[in-house]
Amino acid sequence: MFKKLFKYTPTEQEQQFIDIVTKLLEHPKTSLKMTPLTDKYFLINEQKHYYILLQNSGIQLTNTKFSFCKSIHPKAYDMVIKNIHTHMEVNRQILEDKLFKNETTMLDTVLNNL
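Residues numbered from 1 in each chain as written. Predicted model: local features only at pLDDT ≥ 70, side-chain atom pairs only at ≥ 80, totals over all residues. Heavy atoms only, no water.

Focus on the sheet that holds strand β5 (residues 67-71)
The strand order β1-β2-β3-β4-β5 describes an open sheet built from 5 strands, whose pairing is antiparallel. Each edge of the open sheet is held by one strand with a lone partner, namely β1 (30-35) and β5. Across this sheet, the average inter-strand angle for adjacent strands is 10°, counted without regard to direction. Where β1 meets strand β2 (residues 40-45), 6 bridges bridge the pair, whose relative direction is antiparallel. Residue pairing in the sheet places Leu32 in a bridge with Leu43 of β2. This element, helix α3 (residues 74-113), spans β1, β2, β3 (50-55) and β4 (58-62) of the sheet and lies at about 65° to β2. (Pairing = 2+ DSSP bridges. Helix = DSSP H or I, 4+ residues; strand = E, 2+ residues; numbered from the N terminus. Axes fitted to C-alpha atoms, helices over the stretch in contact; angles between N-to-C directions. Contact = heavy atoms within 4.5 Å.)

A few points about unusual backbone geometry
Phi is positive for His49, which is not a glycine, with a value near 65°. Here His49 shows up in the loop between β2 and β3. Given a relative accessible area of 37%, His49 falls into the partly exposed group. Phi at Ser57 takes a positive value of approximately 60°, unusual for a residue other than glycine. Locating Ser57 in the fold gives a position in the loop between β3 and β4. Residue Ser57 is classed as buried on the basis of its relative accessible area, which comes to 18%. (Buried < 20%, exposed > 50% of the residue type's maximum accessible area, 1.4 Å probe, protein only.)

Printed below as a string of structure tokens:
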């Protein structure tokens, strides 16, 4: 109950940033890089020419014509980072499933050849 009472609601502009990051993550040509030591996140879409840097509750959106940098509320920033982490986990799981499928196929082949 207390979580609902004190749940943070992003401002209109923060929600726009959240939606932009979500759409970029969904785009198949977007790559995601993270620097663990400095805790920076980079979303890069060469096809659309959009680049986003996230660090320290700040977001910088750049393309070939403009650059926009804004600090956002830490809770809104956490929402963006949570979305990125979820996306990374889904991709990790897909890769892991693919790798283990290859291992299973290889083991089946060995087993059938014995």
